[in-house]
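Residue-level structure breakdown
Below, each chain spelled out in residue letters.
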Amino acid sequence: MKKTWRWTAPLCLVLAMPGCGGGSGEGLDANGRPIGEGANPSGPLLPTYASIQSHVFTPICSACHAGGSAPEGLRLDAANAYALTVNVSSVEVPSMKRIAPGNPDQSYLVQKIEGHASVGARMPYGGPYLDDATIATIRLWISQGAVQ
Ligand code: HEC
């Protein structure tokens, strides 16, 4: 009995998270990640991609940055945001990446939300702008490598 338990418990954690029920989708957030990784919009904002997506990009930015008419082709909905930001050149300032992993100061998206980009307006366009704590958390995520 003890032997069986020792084998199944870790396997359950590794293979069948979340829920150990297998494939029902229960316990997953909108990005298909286990709830509890910081993706839950009712929880605190954390310096992870999932959390920033669910707290900022999806509810605030994708109001404009979605679909075929997204400004500068930048779609920030959950299906597209990572692939269209990290290591992708800005349209307004093509010499800069929208997000340069490890380097928030050289990330054009950071300049846009801080309001000192050399082209165009501060984001979110027309405000209200992100608070300092939110911007600091996005900077921290980028500093730590902008991992997906
Ligand atoms: C009300 C509409 C609106 C919202 C909301 C909005 N944007 Fe924008 N965004 C624009 C427009 C319009 C432009 C192009 C004109 C400009 O830069 O001023 C733009 C341009 C950008 C660019 C430049 C893209 C490039 O490739 O050069 C970035 C980066 C950006 N937005 C990020 C964001 C982020 C991050 C948010 C959310 C925090 C956001 N925007 C929210 C309308 C919006």
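Structure first, text after, so check above.
One structure accompanies this document, and this report is about it. (Residues numbered from 1 in each chain as written. Predicted model: local features only at pLDDT ≥ 70, side-chain atom pairs only at ≥ 80, totals over all residues. Heavy atoms only, no water.)

Focus on the side chain of Ser 62
By the secondary structure assignment, Ser 62 is in the loop between α2 (49–57) and α3 (81–85). For Ser 62, a relative accessible area of 16% puts it in the buried group. Side-chain polar atoms of Ser 62 contact the backbone oxygen of Thr 58, separated by 2.5 Å. Not counting the four nearest positions on each side in its chain, Ser 62 is found in contact with Phe 57, Leu 76 and Asp 77. (Helix = DSSP H or I, 4+ residues; strand = E, 2+ residues; numbered from the N terminus. Buried < 20%, exposed > 50% of the residue type's maximum accessible area, 1.4 Å probe, protein only. Polar contact = N/O pair within 3.5 Å; in protein donor to acceptor, adjacent residues only side chain to side chain. Contact = heavy atoms within 4.5 Å.)

As for the coordination of the iron atom of the ligand
Each angle at a metal carrying four tetrahedral donors should ideally be 109.5 degrees, and each at a metal carrying six octahedral donors should ideally be 90 or 180 degrees. For the iron atom of the ligand, the full set of protein donor atoms is His 65 (NE2) and Met 123 (SD), at a range of 2.0 to 2.2 Å. Coordination at the iron atom of the ligand is octahedral, judged from the 6 donor atoms that bind it and the angles of 87 to 179° they form at the metal. One end of the pair, His 65, is in the loop between α2 and α3; the other, Met 123, is in the loop between α4 (108–114) and α5 (132–143), with 58 residues separating them in the sequence. Taken as a pair, His 65 and Met 123 share a single burial class, namely buried. (Donors = N, O, S within 2.8 Å, 3.2 Å for Na, K, Ca; no water. Tetrahedral: all angles 85-135°; square planar, octahedral: opposite > 155°, others 65-115°.)

Regarding the nonpolar core
As a rule of thumb, soluble globular proteins bury nonpolar side chains together. If you look at the biggest cluster of nonpolar residues, it comprises 21 residues, and the most contacted ones within it are Val 56, Phe 57, Ile 99, Ile 113, Ile 138 and Trp 141. Trp 141 has contacts with Pro 47, Thr 48, Tyr 49, Ile 52, Tyr 82, Val 86, Ile 99, Ala 146 and Val 147, leaving out every residue within four places of it along the chain. (Core = buried A, V, L, I, M, F, W, Y, C linked by side-chain atoms within 4.5 Å.)

Details of the side chain of His 65
On the basis of relative accessibility, which here comes to 11%, the residue His 65 falls in the buried class. Within the local environment of His 65, its side chain forms a polar contact with the backbone oxygen of Leu 74, the two atoms lying 2.8 Å apart. Apart from residues no more than four positions distant in its own chain, His 65 is found in contact with Ala 70, Pro 71, Leu 74, Arg 75, Leu 76, Asp 77 and Met 123.

What to know about the site of the ligand
Neighbouring the ligand are 22 residues, the closest being Cys 61, Cys 64, His 65, Glu 92 and Met 123. Here an oxygen atom of the ligand sits 2.8 Å away from a polar atom, N or O, in the side chain of Ser 90. With respect to the ligand, the side chain of Lys 112 contributes an N or O atom lying 2.6 Å from an oxygen atom. Considered class by class, the residues forming the shell around the ligand number 15 nonpolar, 3 polar and 4 charged. (Near = heavy atom within 4 Å. Nonpolar A, V, L, I, M, F, W, Y, C, P; charged D, E, K, R; others polar.)

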